[in-house]
Amino acid sequence: MISCRKVKKWMVDYLEGTLSEKEKALFEEHLSKCSQCAQEVKALVKTQRLVRLKVREEMPEGFWTHYLPRLRRRLEEKPLPRLAWRPVPALALATATALVLLVVVAISLLRTPSLNLENLPREVLVEEVMASNSELDYFIAESFEPEEIAQALIPQEMLNSLIDSNQELSL
Amino acid sequence: MKDEDSLLVGRFKKGEEKAFDELMNKYKKRIYYLAYSLTSNHADALDLSQEAFIKAYRSIHRFRGRSSFYTWLYRITVNLCLNHLKKEAKKKEVSFDERIEVAQVDWWSNPKKALKNKELQEDLTRAIDSLPPQQKAVFTLRHLEGLSHKEIASILGCSIGNIKANLFQALQKLRERLKGYVEG
């Protein structure tokens, strides 16, 4: 028979009906012998059914008529980004290149063999980056992985303490 | 849908402003309602959803198409909303232990009535609002937006296992908060 811990691990898949036939049989076999887990599953099934009763309040059509014109105005109020097709003055290009080099050097200096961020859960990194830095906007595009963003934006001491506390938690 | 979006993104990158208008028009409702589901406030949803489009507009030249455009746009929106929720949570110090007391009504036998019941709808909103931001985001994307675990993992930048763990914890908290309904 599978353990109560395994039941918790498989719970979401069971509730969503994505367990394999074999797994489902093992899951239900456990429920037939463990009243505590059976009670929890029953309550969670009911909870899931209940939250599905939540309806979304629809906005009136008039709201959508104004949505895009308002958004267009906001787009035009803010300075436009220097997109690829726009001509870039030589001085600005040189400054941008120097800044990019600076970031690359900073990232490579921060990368040390002992700093293995891949062992950290991504949500920890994402949460730390989001909580600690407004420069995230620059990195928001998918071209940067959470590990890269974290190394570029979070001080190394903080990353080390994050890794330490995460290792403590997993022990 | 993906190909159509890729074409629009490509046209915009080549300088055709109208292509971005088409993308905004196509996704305005989904992005607005996503922001509303996460914030439960129309003024915040309006501001954050428009901010998401502005961010997408300003950084689209860095979008490489590794994921679909809508996944990328969802990611921007969810990040903005999570930041907002964290700031709000610090201000309000919401209690997650509070339990919603309800009259014993059998909603199960009459779901249509439940859909129209204001009190039930408010209680569901309050219960979902009380979830920690990350769990609320995962729960909303799965149960209110109907996204797959894989899509949610891609949007939030974490593993599928982590998404399932968050869903389980969110359901457990909702069960506790909505005990009056669940055990009624």
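These notes cover the structure that comes with them.

Thresholds, definitions, all that
Residues numbered from 1 in each chain as written. Chains lettered and ligands numbered in written order. Predicted model: local features only at pLDDT ≥ 70, side-chain atom pairs only at ≥ 80, totals over all residues. Heavy atoms only, no water. Phe/Tyr/Trp six-rings, centres within 6.5 Å; stacked < 30°, edge-to-face > 60°. Buried < 20%, exposed > 50% of the residue type's maximum accessible area, 1.4 Å probe, protein only. Axes fitted to C-alpha atoms, helices over the stretch in contact; angles between N-to-C directions. Helix = DSSP H or I, 4+ residues; strand = E, 2+ residues; numbered from the N terminus. Parallel < 35°, antiparallel > 145°, perpendicular 65-115°, else oblique. Left-handed = near helix turned anticlockwise from the far one by under 90°. Contact = heavy atoms within 4.5 Å. Nonpolar A, V, L, I, M, F, W, Y, C, P; charged D, E, K, R; others polar.

One pair of aromatic rings is described through two measures. These are the centre distance and the angle between the planes. This model, assessed by the stated rule, comprises 17 aromatic pairs over all chains. Judged by centre distance (4.9 Å) and plane angle (80 degrees), the ring pair of A:F63 and A:W64 falls under edge-to-face. Comparing A:F63 with A:W64 shows no difference in burial state: the two are buried. Each ring, one from B:F12 and one from B:F20, has its centre 5.0 Å from the other, and the planes form 40 degrees; the classification is tilted. The two residues B:F12 and B:F20 agree in class, both being buried.

Here we take up the packing of helix α2 (residues 17–39) of chain B against helix α7 (residues 133–144) of chain B. All names here are of chain B. Two elements in contact, α2 and α7, have axes separated by 10 Å at closest approach and are oriented at 130 degrees. One finds that α2 runs oblique with respect to α7. Where α2 crosses over α7, the two elements pack in a sense that is right-handed. Contacts between α2 and α7 involve L34, S37, L38 and T39 from the first element and K136, A137, T140, L141 and L144 from the second. Of the residues contributing to the contact of α2 with α7, the split by class is five nonpolar, three polar and one charged.

Read these as spatial facts, not as claims about activity.
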